[in-house]
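The lines below spell out each chain.
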Amino acid sequence: RLSRICGGAFFQRLLTRFTTTEEIFGPLSLQALERDEYKRCTSGFLPTASIAFLDEIFKANSAILNTLLTILNERQFDNGGGVREDCPIKCVLAASNELPDTDELDALYDRFLIRKEVLPVSDEGVVQMLTSSLVGVSSCEDSGTQDVCFVNEIDQIIEKVATAASRVEITREVALILKDLRSFVRDELNVEISDRRLLKATQLLRVSAACHGRSSVDSIDCLILQHVMWRLPEHRELILEWLWKNLSYESRSGASQLQVLLDQLRREAIVAVRKTTGDVSGNAGGRKQDIENVKAIRSEVENIAKIASDEMRQIMRHEHLLSEALDGHLWLSPEVCRSAYQLWSPTAESALLGTKEVLSNALSLKLALSPDTEVVPENDIRLQVITDLWEDAEPVQVSFSENELQMGMKEAKVKYDSDTFRAWKRARKRQKTNGG
């Protein structure tokens with residue numbers, strides 16, 4: 001069926017230890033031998049095929065493997081005399097009942113990017129299989145032409161997808177996921193992912209995004225990696241579990257870190273604004289150095305607001321793509337898409353709410369520190385407004401010495417910012433209560 005869709009020649013062979021190179025790449029040309037040339041007649045064999053299926057691939061001998069590597073990697077066939085012929089191969093599928101058990105097969109195994117374990121028919125599926133109207137006959141064997149609609153356009157489609165994929169962005173977030181997954185596979189599963197495989201996996205993610213008309217890779221595309229990064233079939237489930245956990249917004253949302261930074265900036269703003277007596281423009285007597293400090297704090301707050309705004313857009317885009325995948329994804333099964341929606345939608349919604357709160361707090365603090373808008377607070381109440389904007393996400397635990405607790409109220413108010421001053425008053429009250 002795939003060969004009918006793509007057009008061109010189809011080649012298939014069952015490989016054994018005794019399979020010869022002539023069976024795969026074609027017999028030697030007798031006419032060429034008469035001219036003292038070593039050349040094969042490749043017509044009808046693998047070098048001239050568009051689609052190939054090689055059964056029991058790992059039983060091939062070394063002579064076949066070496067030539068096969070060149071075709072798979074470079075799409076070229078060395079046909080003697082230093083002449084390399086371009087191969088029209090679009091896709092090579094292989095099957096095996098056993099995995100490679102020698103190092104010489106590792107290079108070949110690495111060339112097959114997507115791996116799929118085919119299990120025996122389940123007990124539930126046996127009845128359906130046996131009662132089928134075409135028991136033992138593949139639906140690909142009928143002579144219908146329903147699958148040939150793209151034959152004349154397949155090259156243009158491949159070219160357009162390749163062009164679109166080359167423009168797809170791999171974000172830093174996705175790059176970090178790939179890096180961490182490679183480390184997990186190496187450290188926990190004792191599997192080395194080659195640089196070649198990592199780059200091809202990245203290209204596959206780009207193709208997935210391009211096929212859905214997107215300009216950047218989303219975390220849902222990364223679920224394809226469960227079929228790329230394993231060496232043994234039992235690794236796939238472990239990799240999928242890792243992906244479920246590490247692609248969830250529960251593990252990668254930055255809202256809490258942003259809020260901690262914002263809390264610190266607000267404490268700095270309180271100290272700075274107290275020094276200027278509420279002046280943030282320099283027109284009401286504030287020292288130039290203190291005004292510049294306020295401006296620097298406001299700039300940092302603006303940066304946090306921008307980061308939070310960008311993250312909100314990413315989360316909303318992610319939620320939209322999860323919903324969209326329920327209607328079908330070209331590279332993922334419906335079951336995986338449903339699981340992604342069920343597992344990730346709640347965490348994405350929670351992350352969105354947290355990020356919205358950070359953005360709201362950042363914009364409020366920015367407004368309170370801004371001198372040129374109509375809705376800013378008056379200088380005499382600016383400090384109180386900043387203090388009351390929100391409760392700190394993680395209140396700072398402050399301890400006081402005996403001498404500090406003996407200070408007077410006025411001295412403590414001058415020495416500490418408002419948060420520390422309130423903590424000082426609570427500590428002093430507890431001391432008096434305990435002492436009483």
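This text follows the structure it describes.
Note that the coordinates shown come from a computational prediction; the quantities given were computed from them, not determined experimentally.

**Student:** Quick rundown of the pattern of salt bridges? Include the residues and the values.
**Tutor:** Summed over all chains, the structure comprises 18 salt bridges. Between R317 and D218 there is a salt bridge; the shortest N-O distance is 3.4 Å. Of this pair, R317 sits in helix 13 (residues 288-325) while D218 is found in the loop between helix 9 (195-211) and helix 10 (235-246), placing the two residues 99 residues apart along the sequence. Under the relative-accessibility criterion, R317 is labelled partly exposed at 23%.

**Student:** Describe in detail the sheet that holds strand 5 (residues 91-95), supporting the description with residues and values.
**Tutor:** With respect to topology, 3 strands assemble into an open sheet ordered 1-2-5, the strand pairing being parallel. With partners counted over all chains shown, the strands left at the sheet margins are strand 1 (10-14) and strand 5, one partner each. Each strand of the sheet is rotated relative to its neighbour by a mean of 10°, with strand direction disregarded.

**Student:** Before we move on, could you go through unusual backbone geometry and cite the residues and values that matter?
**Tutor:** Peptide bonds are trans in most cases, and residues, glycine excluded, mostly fall at negative phi. One non-glycine residue, D36, lies in the positive phi region at around 60°. Mapped onto the elements, D36 comes out in the loop between helix 3 (30-34) and strand 2 (51-55). Despite not being glycine, R75 shows a phi value in the positive range, around 55°. As for its position among the elements, R75 is in the loop between helix 4 (62-74) and strand 3 (76-78).

**Student:** Outline the nonpolar core, listing residues and values.
**Tutor:** Counting 68 residues, the largest nonpolar core has L46, L108, L181, V185, L223, L225 and M229 as its most contacted members. Excluding anything up to four places from it in sequence, L225 contacts L178, L181, A201, L205, I239 and L243.

**Student:** Provide a residue-level description of helix 8 (residues 172-189), including the pertinent values.
**Tutor:** For helix 8, which comprises 18 residues, the first-to-last C-alpha distance of 25 Å matches the rise-based estimate of 26 Å (1.5 Å per residue) to within 8%. V174, I177, L178, L181, F184, V185 and L189 are the residues of helix 8 that are buried. Down the axis of helix 8, the buried side of the element spans an arc of 125°, and every buried residue falls inside it. Exposed residues lying more than 90 degrees from the buried face of helix 8 are R172 and D187. On its buried face, helix 8 is in contact with helix 9 and helix 10. Directly after helix 8, the chain includes N190, whose backbone phi takes a positive value near 60°.

**Student:** Residue-level account of the packing of helix 8 against helix 10, with values.
**Tutor:** Closest axis-to-axis distance for the helix 8/helix 10 pair is 11 Å, and the angle between their directions is 140°. In terms of orientation, helix 8 lies oblique with respect to helix 10. As for the relative orientation of helix 8 and helix 10, their crossing is right-handed in sense. Within the contact between the two elements, helix 8 uses I177, D180, L181, F184, V185 and L189 and helix 10 uses H235, L238, I239, W242, L243 and N246.

**Student:** Help me get a handle on the packing of helix 12 (residues 255-276) against helix 14 (residues 334-368), residues and values and all.
**Tutor:** Between helix 12 and helix 14, whose axes approach to 9 Å, the crossing angle comes to 20°. Comparing their axes, helix 14 and helix 12 come out roughly parallel. Regarding helix 12 and helix 14, the two cross each other, and that crossing is left-handed. Contacts from A255, L258, Q259, L262 and R266 in helix 12 reach G354, T355, V358, N361, A362 and L365 in helix 14. Tallied by class, residues from the contact of helix 12 with helix 14 come to 6 nonpolar, 4 polar and 1 charged.

**Student:** Provide a residue-level description of the packing of aromatic side chains, including the pertinent values.
**Tutor:** Scanning the entire structure with this criterion turns up 5 aromatic pairs. Plain terms: the ring middles of F11 and F45 are 6.4 Å apart, the flat faces sit at 50° to each other, and that makes the pair tilted. On the criterion of sequence distance, the pair formed by F11 in strand 1 and F45 in the loop between helix 3 and strand 2 is long-range, its members being 34 residues apart. Given the relative accessible area of 2%, F11 is considered buried.

Cut-offs used in this document
Residues numbered from 1 in each chain as written. Predicted model: local features only at pLDDT ≥ 70, side-chain atom pairs only at ≥ 80, totals over all residues. Heavy atoms only, no water. Salt bridge = Lys/Arg side-chain N within 4 Å of Asp/Glu carboxyl O. Helix = DSSP H or I, 4+ residues; strand = E, 2+ residues; numbered from the N terminus. Buried < 20%, exposed > 50% of the residue type's maximum accessible area, 1.4 Å probe, protein only. Pairing = 2+ DSSP bridges. Axes fitted to C-alpha atoms, helices over the stretch in contact; angles between N-to-C directions. Core = buried A, V, L, I, M, F, W, Y, C linked by side-chain atoms within 4.5 Å. Contact = heavy atoms within 4.5 Å. Expected span 1.5 Å × (residues − 1). Arc of directions from axis to C-beta. Parallel < 35°, antiparallel > 145°, perpendicular 65-115°, else oblique. Left-handed = near helix turned anticlockwise from the far one by under 90°. Nonpolar A, V, L, I, M, F, W, Y, C, P; charged D, E, K, R; others polar. Phe/Tyr/Trp six-rings, centres within 6.5 Å; stacked < 30°, edge-to-face > 60°.

Function cannot be inferred from these measures alone, as they are strictly geometric.
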